[in-house]
Structure formats: C-alpha cells, structure tokens
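# Observations on the three-dimensional arrangement
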Amino acid sequence: MNRTMKQRKLPGVPCPEERVYELHNKQIARVAATEGMVLLKNENAILPIPKGTAVALYGAGAANTIKGGTGSGDVNSRGTVSILEGLTNAGYRIVTKRWLDAYDEAYEAARAQWRDAEQTGR
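Predicted, not measured: the structure shown is a model, and the values here were computed from it.

Turning next to unusual backbone geometry. With an omega of 0°, the peptide bond between Leu47 and Pro48 qualifies as cis. With respect to the helices and strands, Pro48 occurs in the loop between helix 1 (20-36) and strand 1 (54-55). For Asn44, which is not a glycine, the phi torsion comes out positive at approximately 55°.

Glancing now at the pattern of salt bridges. Going through the model one piece at a time under the given rule, you end up with four salt bridges. Between Glu18 and Lys26 there is a salt bridge, with the nearest N and O atoms lying 2.9 Å from each other. By relative accessible area, which is 35% here, Glu18 ends up partly exposed. For Lys26, a relative accessible area of 47% gives the class partly exposed. Here Lys41 makes a salt bridge to Glu43, at a shortest N to O gap of 3.1 Å.

Procedures and definitions
- Residues numbered from 1 in each chain as written.
- Predicted model: local features only at pLDDT ≥ 70, side-chain atom pairs only at ≥ 80, totals over all residues.
- Heavy atoms only, no water.
- Helix = DSSP H or I, 4+ residues; strand = E, 2+ residues; numbered from the N terminus.
- Salt bridge = Lys/Arg side-chain N within 4 Å of Asp/Glu carboxyl O.
- Buried < 20%, exposed > 50% of the residue type's maximum accessible area, 1.4 Å probe, protein only.

Next up, the structure:
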C-alpha cells in the first residue's frame, strides 16, 4: 500500500494576512490564558523565578507544544509559542537545549522510519 503525506492548508483562512478580528482574538486569548493560570502552592516564595535564571526543561511538549487537540479540541492558529520559546523570550536560560534538540532529532527519525515502513508495507 502506498501512502503519501498531504500538506494540509489551514481551513477557514482564505488569505495569508492576519485580519483585524484575528489580532483582537489573539489578544483576548492571551489575557484569558494568563488569567486562567492558577498557582497552587508557592513554598518558600520561590516564584516568580528571576529572569536570567538557569532552567532545566524536559519533555515531549517542551519544544513542540501542542496547541489543541483532535476533533472538537482542535484549533486553527496562524502561529503558536512553545514552552521553550516562551521561557527563552521571557529571559530564562534553558540549560537543557542540547537534550531537547537531541530529543527532537530522535523523534523526527522515528517518524521518518515509521513513514518509510508504512510506504513499503513492512
């Protein structure tokens, strides 16, 4: 069985330029996300972590953060900010960048191997 990877276009977005309503909705989403975060416990007043602090970041979603879900949980967006990008942009030093890069390389290699096995029927 031969399968090909399809390039999906963003449904419902006929033009490449961001429209006024999209910019407005982006601002609303950012405020809602910020206000929706809850700090459960701040022992020894460790938070907020000062900018410039070395931070170790691990996990599958650190550099490739999922923006939504599947089915009704899926969302259309022109762009997202990963956890890695957000912390870097906020001024933190990510000390596990090499680990994250190696993880991404291993993940992409495994996906390519799976894709190739599917295409060849093995």
